Protein chains: 6
Amino acid sequence: MVNTATMEWITPAVQALLALALEEDLGRGDVTSETIFEHDETVREGRIQAKAELTLAGTALVEAVFARVDPRVLVRVLKADGQRLRPKDVAIELEGPVRSLLAGERTALNFLQRLSGVATQTRSFVDAIAGTKATIVDTRKTLPGWRHLDKRAVVAGGGRNHRVDLGSGILIKDNHVAAAGGVRIAVERAQTRAPHGLRVEVEVTTLAELDEALAARAEIILLDNMSPAQVKDAVARIAGRARVEISGGVTLDTVRAYAEAGADLISVGALTHSAPAVDLSLEL
Amino acid sequence: MVNTATMEWITPAVQALLALALEEDLGRGDVTSETIFEHDETVREGRIQAKAELTLAGTALVEAVFARVDPRVLVRVLKADGQRLRPKDVAIELEGPVRSLLAGERTALNFLQRLSGVATQTRSFVDAIAGTKATIVDTRKTLPGWRHLDKRAVVAGGGRNHRVDLGSGILIKDNHVAAAGGVRIAVERAQTRAPHGLRVEVEVTTLAELDEALAARAEIILLDNMSPAQVKDAVARIAGRARVEISGGVTLDTVRAYAEAGADLISVGALTHSAPAVDLSLEL
Amino acid sequence: MVNTATMEWITPAVQALLALALEEDLGRGDVTSETIFEHDETVREGRIQAKAELTLAGTALVEAVFARVDPRVLVRVLKADGQRLRPKDVAIELEGPVRSLLAGERTALNFLQRLSGVATQTRSFVDAIAGTKATIVDTRKTLPGWRHLDKRAVVAGGGRNHRVDLGSGILIKDNHVAAAGGVRIAVERAQTRAPHGLRVEVEVTTLAELDEALAARAEIILLDNMSPAQVKDAVARIAGRARVEISGGVTLDTVRAYAEAGADLISVGALTHSAPAVDLSLEL
Amino acid sequence: MVNTATMEWITPAVQALLALALEEDLGRGDVTSETIFEHDETVREGRIQAKAELTLAGTALVEAVFARVDPRVLVRVLKADGQRLRPKDVAIELEGPVRSLLAGERTALNFLQRLSGVATQTRSFVDAIAGTKATIVDTRKTLPGWRHLDKRAVVAGGGRNHRVDLGSGILIKDNHVAAAGGVRIAVERAQTRAPHGLRVEVEVTTLAELDEALAARAEIILLDNMSPAQVKDAVARIAGRARVEISGGVTLDTVRAYAEAGADLISVGALTHSAPAVDLSLEL
Amino acid sequence: MVNTATMEWITPAVQALLALALEEDLGRGDVTSETIFEHDETVREGRIQAKAELTLAGTALVEAVFARVDPRVLVRVLKADGQRLRPKDVAIELEGPVRSLLAGERTALNFLQRLSGVATQTRSFVDAIAGTKATIVDTRKTLPGWRHLDKRAVVAGGGRNHRVDLGSGILIKDNHVAAAGGVRIAVERAQTRAPHGLRVEVEVTTLAELDEALAARAEIILLDNMSPAQVKDAVARIAGRARVEISGGVTLDTVRAYAEAGADLISVGALTHSAPAVDLSLEL
Amino acid sequence: MVNTATMEWITPAVQALLALALEEDLGRGDVTSETIFEHDETVREGRIQAKAELTLAGTALVEAVFARVDPRVLVRVLKADGQRLRPKDVAIELEGPVRSLLAGERTALNFLQRLSGVATQTRSFVDAIAGTKATIVDTRKTLPGWRHLDKRAVVAGGGRNHRVDLGSGILIKDNHVAAAGGVRIAVERAQTRAPHGLRVEVEVTTLAELDEALAARAEIILLDNMSPAQVKDAVARIAGRARVEISGGVTLDTVRAYAEAGADLISVGALTHSAPAVDLSLEL
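Note that the structure is predicted; figures quoted are calculated from it, not measured. (Residues numbered from 1 in each chain as written. Chains lettered and ligands numbered in written order. Predicted model: local features only at pLDDT ≥ 70, side-chain atom pairs only at ≥ 80, totals over all residues. Heavy atoms only, no water.)

Caption draft 1: Geometry of the pairing of strand S1 (residues 43-50) of chain A. Residues and elements named next belong to chain A. Sheet topology places S1 next to strand S5 (residues 90-97); seven bridges connect them, and they run antiparallel. What sits directly across from Val-43, in S5, is Pro-97. By the bridge criterion, four bridges tie S1 to strand S12 (residues 280-283) in an arrangement that is antiparallel. The partner of Arg-47 across the bridge, within S12, is Glu-283. (Pairing = 2+ DSSP bridges. Helix = DSSP H or I, 4+ residues; strand = E, 2+ residues; numbered from the N terminus.)

Rendered as C-alpha cells:
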C-alpha cells in the first residue's frame with residue numbers, strides 16, 4: 001500500500017491538509033448514511049472513472065483519504081499519475097463497507113478532480129510547445145495549503161517546478177530592484193550573499209536592465225509581459241550567457257510563439273490558479 | 001482590526017489552513033529579500049487593486065495573512081466582500097515594512113484571487129436567474145481544506161449554502177436508495193430517525209420515485225440531470241408539497257431555463273470546483 | 001480491529017482529545033512501573049467488568065487508548081455499546097505487556113466510565129417514558145472537547161441527538177427573538193435565509209408568541225420551563241402544525257408527565273452535564 | 001486581562017482543549033444568529049450568575065473562551081475562584097457584540113459549570129472534615145483531556161492534589177506488589193531506583209503487608225477499602241512512621257469517620273469523576 | 001517493531017518533535033534523489049556503525065524516523081541503548097528503497113548522534129565516581145523540545161533523572177528563599193502545602209541556612225557551588241538527616257572528589273547542555 | 001515588541017517547538033513557586049548576563065518564551081544577535097511578576113545558551129580564516145526540530161548557510177554517484193532535470209571524477225576528507241570553472257590551512273552538532 005508515489009505526495013503538511021479536509025466533511029459524522037442503512041457492514045465495489053479526456057494526478061490522495069476514513073477499504077490504483085485517460089477509463093477500483101465508500105467519496109474525488117485538473121491543464125500547455133526546447137514551469141500562484149500537491153500535479157502533467165517557496169530560490173523582481181537601487185546592485189548583492197547553491201534570477205523590463213543583469217552575472221533572466229518579438233530580440237542579445245524565462249499572461253494561444261522565440265522556461269500561473277476540475281466519478 | 005467579518009471567516013480550521021499556507025511559502029524564510037535589502041525596516045504603502053471586473057470575497061484572509069506575517073502591517077479594507085469591482089478599483093491598502101509586504105503578498109493574493117473567483121463565478125449564475133424565484137446554492141465539491149472559505153465566498157457572490165458537511169443535512173442519493181431498497185423506505189427511515197432539526201431531501205430519477213418521495217413526506221426533492229422540460233413536469237406534479245432542487249451539469253447557458261421551469265434551488269458544483277482565479281495585484 | 005463502531009466514534013477531533021488525554025497522564029512516563037518491574041515484557045490478561053448495573057458506551061475508546069499506548073495489547077470487546085450490564089459482567093478482555101496494561105488502564109477507564117455514565121443516565125430517562133411517543137434528546141451542554149463522544153453515548157443509551165453544533169440547526173431562542181423584534185419576524189427571516197435543509201425551531205414563552213410562530217410556519221416549537229399542564233394546552237393549540245420540544249429542568253420524576261402531555265421531544269441537559277461515572281474496573 | 005490565575009489555568013494543553021471545544025460548537029458558524037440578526041455589531045451586556053449555592057471555579061476559562069471567540073468582548077471577573085456564591089450572585093460581567101456573546105455563551109458556561117461543579121463537590125467534602133487534621137485529595141479519575149483543569153478546580157474547592165500523572169509520583173498498588181513479588185521488595189526497589197525527589201507510597205491490604213512497608217521505609221501508606229475502625233488500628237500501628245492515605249468508596253456520609261480515624265489524606269475519585277454541573281446562566 | 005523501548009522513548013510529544021524534524025528536512029521533498037535516480041524502487045542495505053568509542057542511546061528514534069519516512073524500510077536494532085560500542089561496531093541494520101534510506105538518513109543520525117552523545121558524556125561521569133555511593137543526575141538544562149529524550153539518554157548512560165519538570169518536584173532555590181523570607185519559612189510552607197508525594201529539597205548557601213533547613217525537616221539539601229571540603233563539612237553536620245545533592249560547575253576532573261566528600265547526588269548540567277555529538281555513520 | 005528579527009527567527013515551526021518546550025517544563029505547573037509564594041503578583045527585575053566571552057544569538061527566543069509564559073513580562077533586548085559579549089555584559093533586562101520570571105527562566109536560558117553556543121562556535125571558525133576568501137558554512141547536521149534556529153545562529157556567528165533542506169539544493173553525494181553509475185551521468189541528469197534555480201553541486205573523491213564533474217558543468221565541487229595539499233591541487237585543476245567546497249573533519253586547527261588552499265566554502269558540522277552551551281545566567 002505504501003509506495004514511492006505515496007511518499008512523494010503525502011508529506012506531513014499534506015497529512016495536515018487531509019485532516020482538515022476530512023474533519024470539515026465528516027467531523028460530525030454522516031447523518032444520512034447513519035439514518036438510512038440498517039446493516040453497516042455491507043461491502044461494495046466501486047470504480048473511479050473518467051467522464052472526459054484528462055491527465056490523471058493525485059491517486060495517492062485517494063489512497064490516503066480512505067486510509068484515514070476506513071483502513072478496511074481496498075484501493076487498487078489501475079492508472080498511474082501522468083497517464084492520459086479517455087471517457088470510461090477506470091482509474092481506481094475500491095472495495096469496502098458501503099458506508100465508508102460513501103463517507104470518503106466526496107473528499108477523495110475533490111482531491112482527484114482538482115489535481116487531475118491541474119495536470120490536464122499543464123499537459124495542454126506542454127503539448128502546445130512540443131518540439132521546441134522550452135519547458136513549461138509553474139509559479140507560486142498555487143492554492144494556499146496545496147503548494148506541494150499542486151506542484152506534484154504539474155509534474156504529472158509534464159511540466160516542471162519553479163522554486164518551491166521563498167526560501168528555495170533567488171528571484172529578484174521589479175519591487176526588489178526598485179528598493180535596492182538598480183538591477184546591477186541587486187544582482188551583485190545576491191551573487192555575494194545568497195546561499196551558494198542557488199542561481200540568481202532577475203526580472204528585467206528594458207534592454208538597459210538586461211545589460212546590467214548580464215554584466216552582474218545573473219544566471220537566469222526573467223522577461224515579464226513581453227511580446228514574442230521582444231523576447232526574440234532579448235534572447236539574441238543574451239546570446240547564451242543566461243537562461244531565459246518568460247512570464248505574464250501566457251495563454252494556450254500564445255505559448256508556442258514564446259517557445260519559438262527562444263525562451264528556455266515559460267512560467268504559467270494559470271496551471272494552478274485557474275485549472276478547472278476534470279470530471280471523474282465514483283460508480284458503486 | 002477584529003470585526004464580525006473576521007470572526008465569520010477565520011475559524012480555527014481556517015487558522016490551521018493559514019498556518020499551512022504560510023509555512024509552505026515562508027517556512028524557510030525569504031532568501032531574496034534577505035539578500036537584497038540592506039535596511040530591513042523601510043516602510044512602504046501598497047494597494048491591492050482589481051485588474052478586471054470581479055466580485056470581491058475574502059478580504060478577511062488578507063488581514064489574517066498579514067496579522068501572522070507581521071502585525072505591524074496595517075491593512076485597510078476599502079471594499080466589502082460582495083462588492084463588484086471594476087479594473088483599477090482599490091480593494092485594500094497596506095502599509096508596513098517592505099520585506100513584510102513582499103513576504104505576505106503571494107499568500108494573501110492567492111487567497112483573495114481564489115475566493116473572489118468563487119464569488120465572481122457565483123455572481124454570474126445569480127445574475128443569470130434574476131427575477132425568478134430560484135436560488136443558486138453550492139455543493140460539497142469544494143477544495144479540500146477550504147470548505148468554510150469556499151462557502152463564505154459563495155455567499156459573498158449572492159448564492160446560498162447547501163449543507164455544510166455530511167453531518168448537517170439529510171440528502172438521500174441514488175446510492176442510498178438502492179442500498180435501502182427504495183425511495184419510500186429510505187425517506188421513512190430518515191423521517192423517523194434523523195435529527196429532528198433536519199429536513200429530509202431525496203434524489204429521484206423517475207416519476208414513480210417522485211410519488212414515493214411525496215407519499216413519504218420528503219420535504220425537498222432533488223431532480224438530478226433532468227432537462228428543463230422534465231423539471232417543469234415534475235414541479236407541476238409536486239404542486240408545492242416539497243421544495244424542488246435541480247442539479248447536474250447546469251451551466252450559465254442553461255441555468256435560467258431551469259429557474260423558469262420552477263426550481264426553488266439550483267445547485268452548481270462549478271461555483272467552487274472550477275472557478276478561475278480573478279486578476280488582482282498588489283502595487284507597491 | 002477497525003470496525004464501523006470505531007469509525008463512528010474516533011473522529012480526528014477525538015484523536016486529538018486522545019492525544020491530550022495520554023499526554024496528560026503518560027507524557028512523563030510511568031515512574032512507578034519503571035521502578036518496580038524488572039522484566040518489562042511480562043504478558044498479562046485483564047478484564048474490564050461492571051461493578052454495578054449500567055448501560056455500556058465507549059468501548060471504541062478503550063481500543064483507541066491501547067492502540068496508542070501499545071499496539072501489542074489485544075483488546076477483545078465482548079459487549080456492544082448500548083448493552084445493559086449487570087455487576088461482574090465482563091465488557092472487554094485485554095492481553096498484553098503488564099506495563100502497557102497499567103499505563104493505559106486509567107485513561108481507558110476514565111473514558112469508559114464517563115461515556116457509560118452518560119448512556120446509563122440517558123437510558124433511565126428513555127425507560128421512564130416508554131410507551132409514549134416522545135423522544136429523549138440531548139443538548140449542547142456537553143463537556144467541552146467531548147461533544148462528539150457525549151452525543152454518541154446518548155445514542156448508545158437510547159436517546160437521540162439534537163443539533164450537533166451552532167452550524168447544524170436553527171434554534172431561535174428568547175435572546176434572538178428580543179434582538180430581532182419579535183417571534184414572527186425572526187421566524188420569517190429564518191425561513192427565508194437559512195440553509196434550505198434545516199427546519200426552523202423557535203422558543204416561545206406565551207400563547208401569543210406561539211400563534212406568531214405558527215403563523216410564520218415554524219416547524220418546531222420549543223416550550224421552555226413550562227409545567228406539564230401548560231404543555232398540554234400548548235400542544236392542543238399547535239394541533240399538529242409543528243413538532244413540540246420541551247426543555248428546562250426536566251427530571252426523572254417529571255419526565256413522564258411531559259411525555260404524556262404530548263411533547264414530541266424532551267431535551268435534557270443533565271444527560272451530559274451531570275451524568276455520574278459508572279463503576280467499571282480492570283482486573284488483571 | 002492576563003493575570004496569574006490565567007497563567008495557572010490556561011496551559012498549552014488547555015489551549016488545545018479550548019481549540020477543540022470551540023471548533024466542535026462553532027467550527028461551522030452559527031446559522032441561527034447569522035440568519036436572524038440584521039445588524040451584526042449591536043453591543044450588549046451580560047451577566048453570568050449563580051442560580052444555586054456553589055463554589056466558583058474556572059473563571060479564567062470564560063476569559064479564554066471569549067478571547068478566542070472575539071477579543072472585543074470585555075470580561076470582568078467579579079468573583080474569584082474558590083468563593084462561595086449564593087443564588088443571583090453575579091460572577092462575571094460581559095460586554096460585547098451580541099452575536100459574539102451568543103457564540104461563546106454555551107462553551108463558556110459548559111466550562112464554568114463543570115469546573116464549579118468539581119469545586120462545589122470538593123468543598124462539601126472539605127467542609128465535612130473541618131477541624132480534623134485530614135486533607136481531601138483528588139485522584140487520576142479526571143476527565144480525559146481535563147486533568148489540569150479538574151485538579152485546579154479541586155484546589156479552588158479547598159482540596160489538594162494527589163500526583164498529577166504517572167510520571168510525578170510513586171504509588172505502588174496491589175498489581176505492582178503482586179508482579180514484583182511482595183511489598184517489601186517493591187518498596188525497596190522504589191527507594192533505590194526512583195527519582196530522589198519522590199516519596200514512596202504503597203498500598204497495603206493486610207497488617208503483614210503494613211509491617212513490610214514500614215520496614216522498607218515507605219513514606220506513605222495507602223489503606224484501600226478499609227472501614228474506619230480498621231483504619232484506626234492501622235494508624236495506631238504505623239505510629240507516625242509514615243503518612244496515611246485512605247481511599248475507596250468514601251462518601252459524604254463516611255468521610256468524617258475516616259478523618260477522625262486518623263487519616264492524613266483522604267482521596268476521593270468522585271470529586272472529579274461524578275461531580276454534577278452547577279447551575280449558572282448568562283443573562284443578556 | 002513496537003517494543004517497550006519504543007513506548008518509553010516515543011511519547012506523543014516526541015512524535016510532535018519527529019514531525020517537526022522530518023518536515024524541516026523533507027517537507028519540500030528531496031530534489032537530488034528525485035533528479036538522479038531513474039528507478040525509484042531499488043532496495044539497498046545499510047549499517048549504522050560507530051566511528052569512535054561511545055555509549056549508544058536513541059535507537060528507538062531511528063525506528064521512529066523510518067516508520068514515518070517509509071514503513072517499508074526494515075530497521076534491525078542490533079545493540080541496545082546503554083551498550084558501549086567500539087569503532088566499526090554495527091548498531092543498526094537497515095534495508096529498504098535507497099531513496100527512502102537517503103531521505104531518512106540525516107534525521108535519524110542527527111537524533112542518534114545527539115542522544116548517544118548525551119549517554120556517552122553521562123557514562124564518563126558515572127564511571128568517574130565508580131565505587132562511591134553517589135549518583136550522577138541530570139538537570140532541567142536540556143534542549144528545548146528534547147526534555148524527555150535527553151533524560152532517557154542520561155539513563156542509558158547510567159545516570160539518573162532529577163525532576164522531569166517544574167510540576168514534578170519541589171526544589172527551593174535561592175530566589176525562592178529570598179522571596180519567601182528565609183529557608184525555614186520556605187521549607188515549612190512546602191512541607192505543609194506541597195503535594196504529599198513530593199519530598200522537599202532546598203538549596204542552602206551557609207551553615208546557618210543548613211541548620212534551618214534541617215530544623216524544618218527538609219528531606220534533601222542542595223549544596224550549590226561548594227568545594228569538596230565544604231561539602232564534607234556539611235555532610236558531617238547533616239549526619240544522615242537528609243540526602244545531599246551537589247551542583248555547580250562539576251567537571252570530570254572534580255566529580256570524584258565531590259562523590260568522596262559524601263554527596264548522595266551530583267547533578268551535572270553539562271550532561272545535556274554541552275554533550276558533543278558522537279560519530280556514527282550510515283554506510284550503504 | 002514585534003520586529004524584523006522576531007519575524008526571521010520565530011517561524012510557525014519554531015512556534016511549535018516553543019509550545020513543546022514550555023509544555024515539557026511547565027505543562028504541570030510550577031509546584032515550588034505555587035507552594036512558596038504567598039503573594040503572586042510581586043514584580044521583580046532581572047538581567048540575563050554573560051558569564052564568559054561569547055557571541056550572542058537567539059534573543060528573539062527569550063522574547064517569545066516570555067510572550068507565551070506571561071505577556072506582562074517586559075523584555076528589553078540590550079544586545080543584538082551577533083554581538084560579542086564579555087563576562088558581566090547584560091544582554092537582556094526583564095521585568096515582571098517573579099513567578100513568571102522563574103517559570104520562563106530555564107526555557108529561555110536553554111534556548112539562549114544553545115543558540116549563543118552555536119554562534120560562538122561559528123565565530124571562532126570565522127575568525128580563524130579571517131583575511132582569506134573562504135566562507136564558513138553549516139550543514140544539515142542540526143538538532144532535529146531546530147534546523148531553522150541553528151541556521152540563524154550560524155548567521156549570527158558570521159557564518160553562512162548551506163542548503164536549508166533536501167528540497168532546496170542539489171548535492172550529489174557518493175551514494176548518489178554510485179547508484180546513478182558515475183559522476184558524469186549524475187551531474188548531467190541534474191543539469192537537465194533539476195529545478196532551474198538550483199546550481200548543481202557534486203562530491204568527488206578522485207581527480208578522474210573531478211574531470212568528469214567539470215566536463216558535465218557541475219557548478220560546485222565538494223571535496224570531502226581531503227588534506228589541504230590535495231585541496232590545493234584540486235583547486236588548481238578546477239581553475240575557476242566551479243566553486244570549491246571542503247568538508248570532512250575540519251577543526252579549528254586545520255581550518256585556516258583549507259582556506260589558504262583555495263576553498264571557497266568550508267562546511268563544518270560541528271558548528272551545530274557539537275557546540276557546547278555558553279554560560280549565561282538570569283540574576284533577579
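Caption draft 2: Quick peek at the side chain of Ser-100 of chain C. On the secondary structure map, Ser-100 of chain C appears in helix H5 (residues 98-128). On the basis of relative accessibility, which here comes to 1%, the residue Ser-100 of chain C falls in the buried class. Side chain to side chain, Ser-100 of chain C and Asp-70 of chain C meet in a polar contact 2.6 Å long. Contacts of Ser-100 of chain C, omitting those with residues within four sequence positions, involve Phe-66, Val-69, Asp-70, Arg-72 and Val-73 of chain C together with Met-7 of chain E. (Buried < 20%, exposed > 50% of the residue type's maximum accessible area, 1.4 Å probe, protein only. Polar contact = N/O pair within 3.5 Å; in protein donor to acceptor, adjacent residues only side chain to side chain. Contact = heavy atoms within 4.5 Å.)

Caption draft 3: Region of the structure containing the relation of the copies chain B and chain A. Superposition of chain B onto chain A requires a rotation of 180 degrees combined with a translation of 0.0 Å along the rotation axis, giving an RMSD of 0.1 Å. Here the symmetry operator amounts to a two-fold rotation axis. Of the interface residues in chain B, 98% have counterparts in chain A that sit at the interface too, so the contact is made through matching surfaces. (Least-squares fit on C-alpha atoms with pLDDT ≥ 70 in both.)

Caption draft 4: Seen up close, the environment of Leu-271 of chain D. All names here are of chain D. Its place among the elements puts Leu-271 in helix H12 (residues 270-273). Here Leu-271 falls in the buried class, since its relative accessible area comes to 0%. When neighbours within four sequence positions are excluded, Leu-271 is seen to be in contact with Val-118, Gln-121, Thr-122, Phe-125, Ile-136, Val-137, Asp-138 and Val-154.

Caption draft 5: Inspection of unusual backbone geometry at higher detail. The backbone phi angle of Ala-239 of chain B is positive, close to 55 degrees, even though this residue is not glycine. Structurally, Ala-239 of chain B can be placed in the loop between helix H10 (228-238) and strand S10 (243-247). Note on Ala-239 of chain B: relative accessible area 54%, which makes it exposed. Phi is positive for Arg-217 of chain E, close to 65 degrees, though the residue is something other than glycine. Along the chain, Arg-217 of chain E turns up in the loop between helix H9 (207-215) and strand S9 (220-224).

Caption draft 6: Layout of the sheet that holds strand S3 (residues 74-77) of chain C. Residue and element names in this part refer to chain C. Judged by pairing direction, the sheet is antiparallel, and its four strands sit side by side in the order S3-S5-S1-S12 without closing on themselves. The sheet is open, and its two borders are formed by S3 and strand S12 (280-283), each paired with just one other strand. For this sheet, the mean inter-axis angle between neighbouring strands, taken without regard to orientation, is 15 degrees. Sheet strands in contact with helix H4 (residues 59-69) are strand S1 (43-50), S3 and strand S5 (90-97), and its direction is about 175 degrees off that of S3. (Axes fitted to C-alpha atoms, helices over the stretch in contact; angles between N-to-C directions.)

Caption draft 7: Main features of the packing of aromatic side chains. Overall, the coordinates contain six aromatic pairs over all chains when judged by the stated rule. Here the aromatic rings of Phe-111 of chain A and Trp-146 of chain A are separated by 5.2 Å at their centres, their planes lie at 35 degrees, and the arrangement is tilted. Placement of the pair is Phe-111 of chain A in helix H5 (residues 98-128) and Trp-146 of chain A in the loop between strand S6 (135-137) and helix H6 (147-156), with a sequence separation of 35 residues. Relative accessible area serves as the criterion here: at 0%, Phe-111 of chain A is assigned to the buried category. The ring of Trp-146 of chain C is capped by Arg-114 of chain C, whose NZ or CZ atom sits 5.9 Å from the centre of that ring. (Phe/Tyr/Trp six-rings, centres within 6.5 Å; stacked < 30°, edge-to-face > 60°. Lys NZ or Arg CZ within 6 Å of the ring centre and 35° of its normal.)

Caption draft 8: Spotlight on the sheet that holds S1 of chain A. All names here are of chain A. One open sheet accounts for four strands, arranged S3-S5-S1-S12; its pairing is antiparallel. Each edge of the open sheet is held by one strand with a lone partner, namely strand S3 (74-77) and S12. When strand polarity is set aside, the average angle formed by the axes of neighbouring strands in this sheet is 15 degrees. Of the strands in this sheet, S1, S3 and S5 are in contact with helix H4 (residues 59-69), which crosses S3 at around 175 degrees.

Caption draft 9: Seen up close, the interface of chain E and chain B. Listed by partner, the interface residues are five residues for chain E and five residues for chain B. Both sides together, the interface formed by chain E and chain B hides about 290 Å², and carbon and sulfur atoms give 23% of it. Three residues stand out in chain E for area buried against chain B, namely Glu-23, Glu-24 and Arg-28 of chain E, and they jointly supply 99% of the buried area on that side. Remark: the boundary between chain E and chain B carries two salt bridges. Between Glu-23 of chain B and Arg-28 of chain E there is a salt bridge; the shortest N-O distance is 3.8 Å. Put simply, chain E and chain B have four residue pairs in polar contact (both at pLDDT 80 or more) between them. A breakdown of the residues in the side of chain E that touches chain B according to their chemical character gives no nonpolar, one polar and four charged. (Buried area = accessible area lost by both parts, 1.4 Å probe. Salt bridge = Lys/Arg side-chain N within 4 Å of Asp/Glu carboxyl O. Nonpolar A, V, L, I, M, F, W, Y, C, P; charged D, E, K, R; others polar.)

Caption draft 10: Here's a closer look at the interface of chain B and chain A. The partner chain A presents 60 residues to the 61 residues of chain B that form the contact. Of the roughly 5,100 Å² buried between chain B and chain A, counting both surfaces, carbon and sulfur atoms make up 59%. When the area that chain B buries against chain A is broken down by residue, the three leading residues are Glu-24, Pro-144 and Leu-166 of chain B, summing to 13%. Our count for the contact surface shared by chain B and chain A stands at four salt bridges. Among the ionic pairs, Asp-25 of chain B bridges to Arg-147 of chain A, the shortest N-O distance being 2.8 Å. For the side of chain B that touches chain A, the elements supplying multiple residues, two or more each, are helix H2 (12-26), helix H3 (31-36), helix H5 (98-128), helix H6 (147-156), strand S7 (170-172), helix H7 (174-180) and helix H8 (183-193) of chain B. Residue contributions to the side of chain B that touches chain A peak at eight residues, all from H2 of chain B. Its residues assigned to classes, the side of chain B that touches chain A shows 30 nonpolar, 16 polar and 15 charged.

Caption draft 11: View of the packing of helix H4 (residues 59-69) of chain E against helix H5 (residues 98-128) of chain E. Residues and elements named next belong to chain E. Running from amino to carboxyl end, H4 crosses H5 at an angle of 155 degrees, the nearest separation of the two axes being 9 Å. Put simply, H4 runs roughly antiparallel to H5. Note that H4 runs across H5; the crossing there is right-handed. Residues Thr-59, Leu-61, Val-62, Val-65, Phe-66 and Val-69 of H4 form the contact with H5, whose participating residues are Ser-100, Leu-101, Ala-103, Gly-104, Glu-105, Thr-107, Ala-108, Phe-111, Leu-112 and Leu-115. A class-by-class count of the residues in the contact of H4 with H5 yields eleven nonpolar, four polar and one charged. (Parallel < 35°, antiparallel > 145°, perpendicular 65-115°, else oblique. Left-handed = near helix turned anticlockwise from the far one by under 90°.)

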